[in-house]
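Breakdown of the fold
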Amino acid sequence: MKKNVLALLLLMVMVLVTACGNNTANNGSAADAGNDAANSGNAGSGDKLKVVLLIPGTLGDKSFFDAANSGLQKVQTELGAETKVIEMGTDKTKWEPTFNDIAAEDWDVVISGGSEITEMFNMTAEANPDKKFINYDTDIEEAPANMYNMSYSTNEVSFLAGAVAALATQSDMPNANPDNVIGFVGGMDIPGINAFLVGYIQGAQYVDPDVKVAVSYAGDFVNPAKGKELSLIQYNSGVDVIFNVAGGTGLGIFDAAKEKTKYAIGVDSDQAMLLKDTDSEKANLIVTSAIKKIDSAILGAVTKLQEGTLEMGKRDVLGFVEDGVGIAENDIYTSVFPADLQAKVEEVKQKLINKEITVDNAMGMETSEVEAIRNAVKP
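Everything numeric in this text was worked out from a predicted model, so none of it was measured.

What counts, and at which threshold
- Residues numbered from 1 in each chain as written.
- Predicted model: local features only at pLDDT ≥ 70, side-chain atom pairs only at ≥ 80, totals over all residues.
- Heavy atoms only, no water.
- Core = buried A, V, L, I, M, F, W, Y, C linked by side-chain atoms within 4.5 Å.
- Buried < 20%, exposed > 50% of the residue type's maximum accessible area, 1.4 Å probe, protein only.
- Helix = DSSP H or I, 4+ residues; strand = E, 2+ residues; numbered from the N terminus.
- Contact = heavy atoms within 4.5 Å.
- Pairing = 2+ DSSP bridges.
- Expected span 1.5 Å × (residues − 1).
- Phe/Tyr/Trp six-rings, centres within 6.5 Å; stacked < 30°, edge-to-face > 60°.
- Lys NZ or Arg CZ within 6 Å of the ring centre and 35° of its normal.

Once that is clear, we can look at the nonpolar core. Among soluble globular proteins, nonpolar side chains are generally buried collectively. Ranked by size, the top nonpolar core spans 93 residues in total, and within it Val51, Ile111, Tyr136, Met150, Phe184, Phe243 and Phe337 carry the most contacts. With nine residues, helix 5 (residues 154–169) is the largest single contributor of residues to this core. Beyond its immediate stretch of four places on either side in the chain, Phe337 contacts Val164, Leu167, Ala168, Met173, Val287, Ile332, Gln342 and Val345. Listed in part, the 16 residues of the second largest apolar core include Met88, Trp95, Ile102 and Phe121.

Shown next as structure tokens:
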């Protein structure tokens, strides 16, 4: 009897030891799998990828920042990720502490954008090698090993916008005048904005070598009143179409266009479609927009990161071939802009795609070179 009891006890001990051993092995495998997933940029098995977007400003510009937020929404709906957007505001002293605070939280991917934040964003990435970072728009090539950077061929898409503007001003469109003068309102006199300007001027000159271009800088990206003021001055001087490259300030351009019944060209997002439901009269004056496909770029980058195929530590320049830029060819464009002019714009676009046209880039220019280009077309 005692032997039977002893045998039973030994059997129970062996079962317990085996069970504990199996649990330990299983836990070890799960941890290893989680580490492998994290190293490849994926969330652990059964976990949602956690993605946060930091806006160096505020939403509502219907342009650059809103386009990024649209990309984050696509990440949520198409990839099933847990997402959050944080508006850091316009006080630049708060940006770096916010980057550091968010990086210390449990987000898998931290996204922000703009050359203005790149240096501090890079520093945050370097201090947090276990996290992944994406800068969705920067002209600075250097990137830490755990960051992926993107920029866009803004000079080329602006070339196409310039062609549209030059064709419009010399057309018989109802709000065009006999003066062969187009306009440009930029947020600041900086290389990133002047990349748009130089492309715009060269595209307009491609259509008409004698075209004149009025150029104004607001010195601000969040001041619609200033944008309207500068635009009214241009419209009153004979300009009949203005290219907006001023972020939230550019919303004032559309106000001025509506007041003067003149044309405008949007930037970054399809701004006519963003305004169509709230102010169709204003939207119908936005002939087209020079679009950076920021939303698609963010979705594409996070998708590759989740799959483990995103090449970190580099910057890609997205152009027409990569479907990173384009002009808005919406219902307003096809109804307001004459069909024969649309055909001419399409010809120019195909030449850009085929590299038959070379567009200068202000990013590699001296200040004096940009100034000479501006002065050459000054009204």
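Attention now goes to the pairing of strand 8 (residues 241–245). Within strand 8, five of the five residues are buried, leaving the element largely enclosed by the surrounding structure. The two faces of strand 8 match: Val241, Phe243 and Val245 on one face and Ile242 and Asn244 on the other face are all buried. Looking at chain direction, strand 6 (residues 181–186) and strand 8 are connected through four bridges and run parallel. When the bridges of strand 8 are listed, Phe184 appears paired with Phe243.

A separate point is helix 5. For helix 5, built from 16 residues, the straight-helix expectation of 22 Å at 1.5 Å per residue is met to within 8% by its first-to-last C-alpha distance of 22 Å. Burial analysis of helix 5 places 16 of its 16 residues in the buried class, the great majority of the element.

The next thing to look at is the packing of aromatic side chains. Counted by the stated rule, this structure contains ten aromatic pairs. Seen in terms of ring centroids, Tyr200 and Phe243 are 4.9 Å apart; in terms of plane orientation they differ by 40 degrees. Their pairing is tilted. On the criterion of sequence distance, the pair formed by Tyr200 in helix 6 (residues 191–207) and Phe243 in strand 8 is long-range, its members being 43 residues apart. In this pair, the class of Tyr200 matches that of Phe243, namely buried. Pairwise contacts between aromatic rings join Phe184, Phe196, Tyr200 and Phe243 into one cluster. A cation over a ring is seen here: Lys50 above Trp107, with NZ or CZ 5.2 Å from the ring centre.

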